[in-house]
Amino acid sequence: MRILIAEDEIELSNALRMVFEKKNYIVDTVYDGEDALNYALSGNYDGLILDIMMPKLDGIEVLKRLRNSSVSIPVMLLTAKSELPDRVEGFDAGADDYLPKPFAVSELLARVRAMLRRRGEYIPGVLEFDGLSLNDATYELCWKDERIRLSGREYQMMEMLIENPRHIIPTSKFMERIWGWDSDVDVSIVWVYISNLRKKLNKMGAKVEIHAMRGVGYSLETSL
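1. Considerations on the environment of Thr 79
In step 1: Mapping Thr 79 onto the fold places it in strand β4 (residues 75-79).
In step 2: Setting aside residues no more than four positions away along its own chain, Thr 79 makes contact with Asp 51, Ile 52, Tyr 98, Leu 99, Pro 100 and Lys 101.

Here you go:
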């Protein structure tokens, strides 16, 4: 899962990033409303944690513009405001959840998990293709009785492949989705992760493989 955290308090933003990365989320952070809007409009995120009180554009305005642009990304609002009218305004703008500061990390994580499960394009906890399964709770790739735990980015890449079997996913899409559209990471990193996933599939003896179309992208296929 890839999430965007929009929070102008740098220390809190960094702390939240560490918390989510320890839970194997892919995380990007921004510190003002304009960047929050631009990043979220890219369509590369599964969820957005959005502070209300931010410079340039406040969180409510960001949320309204996202919804007016038909962006359905699940959004949790974080704010020091906890009065009922503030919560109502947030939900009316299109928020999926609302958590007042200060909050317990365990509650934040639980709420985010619930929010992502509820999202319109719900993805089940276990994805499957021709006997191969991917568990989003354990990050395990499974074939029969064999199990291998994936790293965060390996999981993200396999998730994209197994959600779209037999369809070529362009290398550029992996870069945008996993590393971010403004990343300066070299595109060759995609091949490195594809190579790692192929080795793990081979180690398990899976009858599923990742095909490459040179210069285009990769697809998940049944082995011949």
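2. Here's the deal with the packing of helix α6 (residues 152-163) against helix α7 (residues 171-179)
In step 1: At their nearest, the axes of α6 and α7 sit 10 Å apart, and the two run at 130° to each other. Of the possible angle classes, the one that applies to α6 and α7 is oblique. Considering the relative orientation of α6 and α7, their crossing is right-handed. Together, Arg 153, Gln 156, Met 157, Met 160 and Leu 161 of α6 and Lys 173, Phe 174, Arg 177, Ile 178 and Trp 179 of α7 make up the contact between the two elements.

3. Observations concerning the nonpolar core
In step 1: In this structure, Leu 132, Met 157, Met 158, Leu 161, Phe 174 and Ile 210 are the most contacted members of the largest nonpolar core, which totals 31 residues.
In step 2: The set of elements that each furnish at least two residues to this core consists of β6 (126-129), β7 (132-135), β8 (140-143), α6, α7, α8 (188-204), β11 (208-213) and β12 (217-222).
In step 3: In this structure, Ile 210 is in contact with Met 158, Leu 161, Ile 194, Leu 197, Arg 198, Leu 201, Tyr 218, Ser 219 and Leu 220, ignoring residues within four places of it in sequence.
In step 4: Leu 4, Val 30, Leu 57 and Leu 63 belong to the second largest nonpolar core, which has 24 residues in total.

4. Things to note about the pattern of salt bridges
In step 1: With the rule as written, the count across this model stands at 13 salt bridges.
In step 2: Across the salt bridge formed by Lys 200 and Glu 154, the nearest N and O atoms sit 2.7 Å from each other. One end of the pair, Lys 200, is in helix α8; the other, Glu 154, is in helix α6, and 46 residues separate them in sequence.
In step 3: One salt-bridge network, in which partners are shared between bridges, spans Glu 7, Glu 9, Asp 51 and Lys 101.

5. Here we look at the packing of α6 against α8
In step 1: Contact pair α6 / α8: the axes reach a minimum separation of 10 Å and the direction vectors enclose 80°. As summarised for this structure, α6 and α8 are arranged roughly perpendicular, according to the angle between their axes. On α8, the residues touching Arg 153, Glu 154, Met 157, Met 158 and Leu 161 of α6 are Val 190, Tyr 193, Ile 194, Asn 196, Leu 197, Lys 200 and Leu 201.
In step 2: Residue classes in the contact of α6 with α8 are distributed as 8 nonpolar, 1 polar and 3 charged.

6. Concerning the sheet that holds β4
In step 1: Across the sheet, 5 strands lie side by side as β2-β1-β3-β4-β5; this open sheet has parallel pairing. Edge positions in the open sheet fall to β2 (26-30) and β5 (97-100), since each of these has one partner strand only. Geometrically, the sheet is characterised by an average inter-axis angle of 20° between neighbouring strands, direction not taken into account.
In step 2: Sheet contacts for helix α1 (residues 10-22): β1 (2-6), β2, β3 (47-51) and β4; angle to β2, the most-contacted strand, approximately 170°.

7. Observations regarding the pairing of β8
In step 1: Relative to β8, β7 is paired through 4 bridges, and the arrangement is antiparallel. Looking across to β8, one finds that Leu 134 is bridged to Leu 141.
In step 2: As paired elements, β8 and strand β9 (residues 146-149) share 4 bridges and run antiparallel to each other. Considered in β9, the bridge of Glu 140 is made with Arg 149.
In step 3: The turn linking β8 back onto β9 is made up of 2 residues, and Lys 144 within it adopts a positive phi angle of 55°.

8. Looking at the environment of Glu 140
In step 1: By the element assignment, Glu 140 lies in strand β8.
In step 2: The class of Glu 140 is partly exposed, set by a relative accessible area of 22%.

9. Brief notes about the sheet that holds β12
In step 1: Here 3 strands make up an open sheet; going across it, the order is β10-β12-β11 and the pairing antiparallel. Edge positions in the sheet fall to β10 (169-170) and β11, since each of these pairs with one other strand and no more.
In step 2: Two elements, β10 and β12, share 2 bridges in a ladder whose sense is antiparallel. Following the sheet pairing, Ile 169 is matched in β12 by Tyr 218.
In step 3: Running over the sheet, α8 touches β11 and β12 and is turned about 155° from β11.

Analysis parameters
- Starting afresh in each chain, residues are numbered from 1 along the sequence in its written order.
- Given that the model is predicted, a residue must reach a pLDDT of at least 70 before its local features are reported, and side-chain atom pairs must reach 80 or more before they are shown or counted; all residues, however, enter totals for whole chains, interfaces and linings.
- To obtain the side-chain values, all non-hydrogen atoms of the structure were used and water was disregarded.
- The helix and strand labels rest on DSSP assignments: H or I over at least four residues marks a helix, E over at least two residues marks a strand, and numbering proceeds from the N terminus.
- The contact rule is simple, with two residues in contact once any of their heavy atoms fall within 4.5 Å.
- Note on method: axes are straight lines fitted to C-alpha atoms, helices fitted across the in-contact stretch only, with angles between N-to-C directions ranging 0 to 180 degrees.
- By the definition adopted for this analysis, an angle is roughly parallel if under 35 degrees, roughly antiparallel if over 145, roughly perpendicular if from 65 to 115, and oblique otherwise.
- Put simply, a crossing is left-handed when the front helix is turned counterclockwise from the back one by less than a right angle, and right-handed when it is turned clockwise.
- We define the nonpolar core as a collection of buried residues of types Ala, Val, Leu, Ile, Met, Phe, Trp, Tyr and Cys that are connected through side-chain atoms lying within 4.5 Å of one another.
- Working definition: with a 1.4 Å probe on protein chains only, accessible area under 20% of the residue-type maximum means buried, over 50% means exposed, and in between means partly exposed.
- In what follows, salt bridge is the name for a side-chain nitrogen of Lys or Arg lying within 4 Å of a carboxyl oxygen of Asp or Glu.
- Under the convention adopted here, Pro, Cys and the residues Ala, Val, Leu, Ile, Met, Phe, Trp and Tyr are nonpolar, Asp, Glu, Lys and Arg are charged, and Gly plus all remaining residues are polar.
- Only when DSSP finds a minimum of two bridges between them are two strands counted as paired.

Read these as geometric descriptors, not functional statements.
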